[in-house]
Amino acid sequence: MLAKAQTWWTILRICIEERLVYRGDFMLGTLMRFMPIITQIFLWTAVYAAASVKELPGGFSRKDVIAYYLLTMVGRAFSSMPGLASGIARQIREGEIKKFLIQPIDLIGFLLLARIAHKLVYYAVAIIPFALVFYLCRDFFTAGWPPAPVLAAFVMSLIMAFLLGFFLEAAIGMIGFWFLEVSSLLFVYMLFNFFFSGHMFPLTFLTEFLPGWLQPVAHYQPLQYLAYFPAAVFLGKITGPELINGLIVQAIWVIVFIIICRVAMQRGFNRYSGYGG
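Below you will find a few notes about this structure. (Residues numbered from 1 in each chain as written. Predicted model: local features only at pLDDT ≥ 70, side-chain atom pairs only at ≥ 80, totals over all residues. Heavy atoms only, no water.)

### What about the overall build of the protein?
Here is step 1: Across its full length, the protein carries 14 helices and two strands.
Here is step 2: Buried positions account for 46% of the 277 residues belonging to the protein.
Here is step 3: When contacts within the protein are restricted to residue pairs at least 6 apart in sequence, those whose partners lie at least 24 apart make up 81%. (Helix = DSSP H or I, 4+ residues; strand = E, 2+ residues; numbered from the N terminus. Buried < 20%, exposed > 50% of the residue type's maximum accessible area, 1.4 Å probe, protein only. Contact = heavy atoms within 4.5 Å.)

### Observations regarding the pattern of salt bridges
Here is step 1: Applying the stated rule across the entire model yields two salt bridges.
Here is step 2: Put simply, Lys 237 and Asp 64 hold a salt bridge, and the shortest N to O gap is 3.2 Å. Of this pair, Lys 237 sits in the loop between α13 (228-234) and α14 (240-271) while Asp 64 sits in helix α4 (residues 62-79), and the two are 173 residues apart along the sequence.
Here is step 3: Between Arg 262 and Asp 106 there is a salt bridge; the shortest N-O distance is 2.8 Å. Pair noted here: Arg 262 is in helix α14 and Asp 106 is in the loop between α6 (99-102) and α7 (107-136), with a separation of 156 residues, a long-range link. (Salt bridge = Lys/Arg side-chain N within 4 Å of Asp/Glu carboxyl O.)

### Some remarks on the nonpolar core
In a soluble, globular protein the nonpolar side chains are often hidden away together inside.
Here is step 1: Counting 74 residues, the largest nonpolar core has Ile 97, Leu 107, Phe 166, Met 174, Val 233 and Leu 235 as its most contacted members.
Here is step 2: Counting only elements with at least two residues in this core, the list comes to α4, α5 (84-94), α7, α8 (148-174), α10 (183-196), α11 (203-207), α13 and α14.
Here is step 3: The greatest single-element share of this core, amounting to 14 residues, is contributed by α8.
Here is step 4: Cys 15, Leu 113, Ala 114 and Ala 117 belong to the second largest nonpolar core, which has six residues in total. (Core = buried A, V, L, I, M, F, W, Y, C linked by side-chain atoms within 4.5 Å.)

### Things to note about α10
In an α-helix, one turn spans 3.6 residues; hence positions three or four apart end up facing the same way.
Here is step 1: For α10, which comprises 14 residues, the first-to-last C-alpha distance of 20 Å matches the rise-based estimate of 20 Å (1.5 Å per residue) to within 8%.
Here is step 2: Looking at the packing, one finds that the buried side of α10 touches α4, α5 and α8.
Here is step 3: Two residues or fewer past α10, Gly 198 is found with a positive phi of approximately 85°. (Expected span 1.5 Å × (residues − 1).)

### Looking at α4
Here is step 1: In a regular helix each residue adds 1.5 Å, so 18 residues correspond to 26 Å; α4 covers 25 Å between its end C-alpha atoms and thus fits that length.
Here is step 2: Taken across its 18 residues, α4 has 15 buried, putting it largely inside the fold.

### Overview of the packing of α7 against α14
Here is step 1: It is at 10 Å that the axes of α7 and α14 come closest, and there the two elements cross at 130°. On the basis of their axis angle, the class for α7 and α14 is oblique. Contacts between α7 and α14 involve Leu 107, Ile 108 and Gly 109 on the former and, on the latter, Cys 261, Arg 262, Met 265 and Phe 269.
Here is step 2: Taken together, the residues of the contact of α7 with α14 break down into five nonpolar, one polar and one charged. (Axes fitted to C-alpha atoms, helices over the stretch in contact; angles between N-to-C directions. Parallel < 35°, antiparallel > 145°, perpendicular 65-115°, else oblique. Nonpolar A, V, L, I, M, F, W, Y, C, P; charged D, E, K, R; others polar.)

### Some details on the packing of aromatic side chains
Here is step 1: Tallied over the entire structure, the rule returns 12 aromatic pairs.
Here is step 2: For the ring pair Trp 145 and Phe 234, a centre distance of 5.8 Å and an interplane angle of 65° mean the geometry is edge-to-face. A residue pair is termed long-range when its members are at least 10 positions apart, and Trp 145 in the loop between α7 and α8 and Phe 234 in helix α13 qualify at 89 residues.
Here is step 3: Ring pairing ties together the aromatic residues Phe 141, Trp 145, Phe 154 and Phe 234, which thus form one cluster.
Here is step 4: The aromatic ring of Tyr 135 is capped on one face by Arg 138, whose charged end is 4.1 Å from the ring centroid. (Phe/Tyr/Trp six-rings, centres within 6.5 Å; stacked < 30°, edge-to-face > 60°. Lys NZ or Arg CZ within 6 Å of the ring centre and 35° of its normal.)

### Let's talk about the layout of surface pockets
Here is step 1: For the largest pocket, the calculated volume is near 470 Å³.
Here is step 2: Considering the residues around the largest pocket, the lining is formed by 17 residues, among which Leu 71, Val 74, Phe 134, Trp 145 and Phe 234 are closest to the centre.
Here is step 3: Ranked by residues supplied to the lining of the largest pocket, first place goes to α7 with five residues.
Here is step 4: Partitioning the lining of the largest pocket into residue classes produces 15 nonpolar, one polar and one charged. (1 Å grid on protein atoms, 1.4 Å probe; cavity = no way out; pocket = protein on both sides within 12 Å on 5 of 7 lines; lining within 4 Å. Points joined across faces, edges and corners; volume = space filled by probe spheres on them.)

### Quick word on a nonpolar patch on the surface
Here is step 1: Together, Phe 187, Val 188, Leu 191, Phe 192, Phe 194, Phe 195 and Met 200 give the surface a local cluster of nonpolar side chains, amounting to about 650 Å² of exposed area.
Here is step 2: Within the secondary structure, Phe 194 is located in helix α10.
Here is step 3: Taking the relative accessible area as the measure of exposure, Phe 194 reaches 36% and is therefore partly exposed. (Patch = residues over 30% accessible without salt bridge, like charges linked within 9 Å, V, L, I, M, F, W, Y side chains within 5 Å. Areas by Shrake-Rupley, 256 points an atom, 1.4 Å probe, with all protein chains shown as cover.)

Listed below in C-alpha cells is the structure:
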C-alpha cells in the first residue's frame, strides 16, 4: 500500500512539473479567461434594462445574475476537462494506450492525477486574479458570504463537480475503443453542456420554456451539477431539503459515471487490437 501511494505521489509530482514547463503560456491563457466578465456585466445590465423588470425566473435580479456568472466561472474551472476525451481517443487511435496494458499503472488513476495536477497549477496561478475580480465585483453579491453550512455544501459541490466532469468526459473518451474518433460526439456533448450545465444562463430561465414532462428531466440531469448547482447553492437559491437532495443526486451521478467509465475501459481493453504507435 505504501509503495503504491509513493507511486501515485511521484506521478502527481511529475504531472505538476510538466504543467509548469510552459508556465508563461499557461499564465497568459489563465488570465485571458477573466476578460469576458466585463462583457457579461454590460450584457445583463442591458437585458434587465430592456426587459424593464427587477427579477427574472428563479428570483434572479441583475446583481444575482452577474454574481451567478462569476460563480459559474469557479464551477467550470473545477469541472471542465479540456482535451481529456479527445486525448484518450487519440491515444487509442495512435496506439499509445498500449503502455497502460503492459505497465502496472491504472489508466483512469493516471489521468485523474494528471487533471488534479492541472487544477492545482491553474488555481495557484488564478487565485490572485479570482480574488481581485471577486473583490471588485463584491457589490453584486448582495447577501454577502453564505453561512458556514452552505459554504461547506458549496465546496462539496465543487469537488463533486470536478469528479463528475472528469469521469463523464473520460467515459466519452473510452468510446474511442469502438469508434476511434469522437470529435463529432464531443461537439454534440459540448453543445448540450453549454446550455444544460447552466453556463450560458441559470437553468431556471430554461425550464420556464420547457414542456411539463421535460422539466423533471432538466431538474435531475447531470450537466447542471457542473456549473448551475454550485453557483445556486452559494447564492442561496437552493436551500434546505432541496440542497441535501441535490448533493445526494450529484453524488449518485458521480458514482454512475465512475462505473460507466470503468466498465467501458475494461471492455475496451478486451477488444483493443494494438494498432499504430
